[in-house]
Amino acid sequence: MSETSDTVRVLAQLKSEAGDVLGAPFDLPLDITPEKLQLVCHALLEKEETTPFAFFVNEREIVSSLQDVVEKEKLSTEQVLDIVYQPQAVFKVRAVTRCTSTIEGHSEAVIAVAFSPSGRFLASGSGDTTVRFWDIYTETPKHTCKGHSHWILALAWAPDGRKLASGCKNAQICLWDPATGKQMGKMLTGHKQWITYLSWEPLHSNPECRHLASASKDGTVRIWDVVLGRTLINLTGHLQSVTCVKWGGEGLLYTASQDRTIKVWRAEDGVLCRTLQGHGHWVNTMALSTDYAIRTGAYDPAKASIVHKDTSEPAEELKKKSMERYNSAKGTGPERLVSGSDDFTLFLWQPSIDKKSLARMTGHMALINEVCFSPDARLIASASFDKSVKLWDGKTGKYLTSLRGHVNAVYQVAWSADSRLLVSGSSDSTLKVWDVRSQKLTVDLPGHADEVFAVDWSPDGQRVASGGRDRVLKIWRT
């Protein structure tokens, strides 16, 4: 075997993720590396640009050579091997490794942390009833926004990055201008109990960013016109607290509730389209496959610069750009939704077309606190009270791996813009950065004095911000 091993060849067929065949089957040496496959792929695609690709056989990635995968999967070299190529992000985000600032300011626990769509602004909400904006360059407090009279439970940036909405335990919603720290318009009141989640209409649906959806403990979801300061539609139908609301890119609203259901509504007139059933306990969290594209709007992380350039493009141009980004994130099929629950399971749905789930994802040993699609929508990460973060296939819901290392409940996860890294914040007071490809811990980030409630990775990839019970905001850099 040793004399002939260098000449063993196989017939291979390159295919795209969608299953489109690239060229005819061709002859390859078995010891071909991903780098060589890359050259073959580029030649067949006849593209000038150097998009990096990852290659898979039987859903196993070719890391060192094709031979390894063939041996591990026990594949026959007599038949044509299907090699699937997946384009990767053109840019690379480096893992954060150190805490550059620990900024005091809040006098109670930090409950929510959020970067603006371009990463230019950073906001946090706290149990001390204030929303604060932080200067990301000098890493100092910038504005303190007073207006709420109870804990801030939810924050949401408008996709154009020009305003921030905050919801509190007193059922009030305020809007803030990040440049001045002043309140915009009047307080939005109408809910009977506290606000659990806020979601803006996507930029490609409405470049004015004037519609906001809010979910509440009172079992209703309201759609607001933030310019007029009034409720446009009140969605009633859930029997218990609504835990999460997501405004999809196809004109639908998705709401998850403690009544164990997920409801799909038409945003323009509030008509209930379908109810998704399957969970056996409260539904805590949801994520859309297009979340990242909707969150970042017209901003493309691939064009990130160290110092932000303030652009004042016309609304139509922004709409066009965000529409392109949304369509490329969505791909050929409809949006996918993943939901996580207190029943320890996740469900994967295609809510715009079907009320039956695509997959029921089991494996967690405790309730699921947060679930998140990677920016390229190929992976799903779920954070649970069983101390693990699990990774799943974003298209099929197939279980991939568990990331273990935390010694207490994991509260939140955030992806880097290139989908190669993941950061998790836990009740054990640490953040951990994971490499998705090797499925290993990259960096352990201790530093907080108590539980870490909130974590976010800026869309430009340069910073991670975290906050928790120790009342400080930490900024982590590479």
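Conventions adopted
Residues numbered from 1 in each chain as written. Predicted model: local features only at pLDDT ≥ 70, side-chain atom pairs only at ≥ 80, totals over all residues. Heavy atoms only, no water. Pairing = 2+ DSSP bridges. Helix = DSSP H or I, 4+ residues; strand = E, 2+ residues; numbered from the N terminus. Axes fitted to C-alpha atoms, helices over the stretch in contact; angles between N-to-C directions. Expected span 1.5 Å × (residues − 1). Buried < 20%, exposed > 50% of the residue type's maximum accessible area, 1.4 Å probe, protein only. Arc of directions from axis to C-beta. Phe/Tyr/Trp six-rings, centres within 6.5 Å; stacked < 30°, edge-to-face > 60°. Lys NZ or Arg CZ within 6 Å of the ring centre and 35° of its normal.

A. The sheet that holds strand β26 (residues 357-361), seen in detail. Across the sheet, four strands lie side by side as β23-β24-β25-β26; this open sheet has antiparallel pairing. Looking at strand neighbours, the two that pair on one side only are β23 (283-288) and β26, the edges of this open sheet. On average, each strand axis in the sheet is inclined to that of its neighbour by 20 degrees, with strand direction left out of account. Where strand β25 (residues 346-349) meets β26, four bridges bridge the pair, whose relative direction is antiparallel. For Leu348, the partnering residue across the bridge sits in β26 and is Ala359.

B. Summary view of helix α4 (residues 315-330). In this model α4 runs 22 Å from its N-terminal to its C-terminal C-alpha over 16 residues, within 8% of the 22 Å that 1.5 Å per residue would give. Here α4 has its buried residues at Leu318, Ser322, Arg325 and Tyr326. Buried residues in α4, looked at end-on, bunch into an arc of 100 degrees, giving them a common side. Every exposed residue of α4 that faces more than 90 degrees away from the buried side is listed here: Glu316 and Ser328.

C. Fine view of the pairing of strand β11 (residues 152-157). β11 sits mainly inside the fold: five of its six residues count as buried. In this sheet, strand β12 (residues 164-168) lies alongside β11 in antiparallel orientation, the contact comprising five bridges. Along β12, the bridge assignment pairs Ala154 with Gly167. From the end of β11 to the start of β12, which pair antiparallel, there are six residues, and Gly161 there has a positive phi angle of about 75 degrees.

D. Broad picture of the packing of aromatic side chains. Taken as a whole and judged by the stated rule, the model has eight aromatic pairs. Ring plane angle 45 degrees and centroid distance 6.3 Å describe the contact between Phe53 and Phe55, whose orientation is recorded as tilted. Both residues of the pair, Phe53 and Phe55, count as buried. Ring centres of Phe385 and Tyr411 lie 5.8 Å apart, and the angle between their planes is 65 degrees; on these two criteria the pair is classed as edge-to-face. You can see Phe385 sitting in the loop between β28 (379-384) and β29 (388-393) and its partner Tyr411 sitting in strand β31 (residues 410-415), a full 26 residues away along the chain. A relative accessible area of 15% places Tyr411 in the buried class. In this arrangement the basic side chain of Arg120 is found over the ring face of Phe121, its NZ or CZ atom lying 4.9 Å from the centre. One residue, Lys169, lies across the ring of Trp194, its end atom 4.9 Å from the ring centre.

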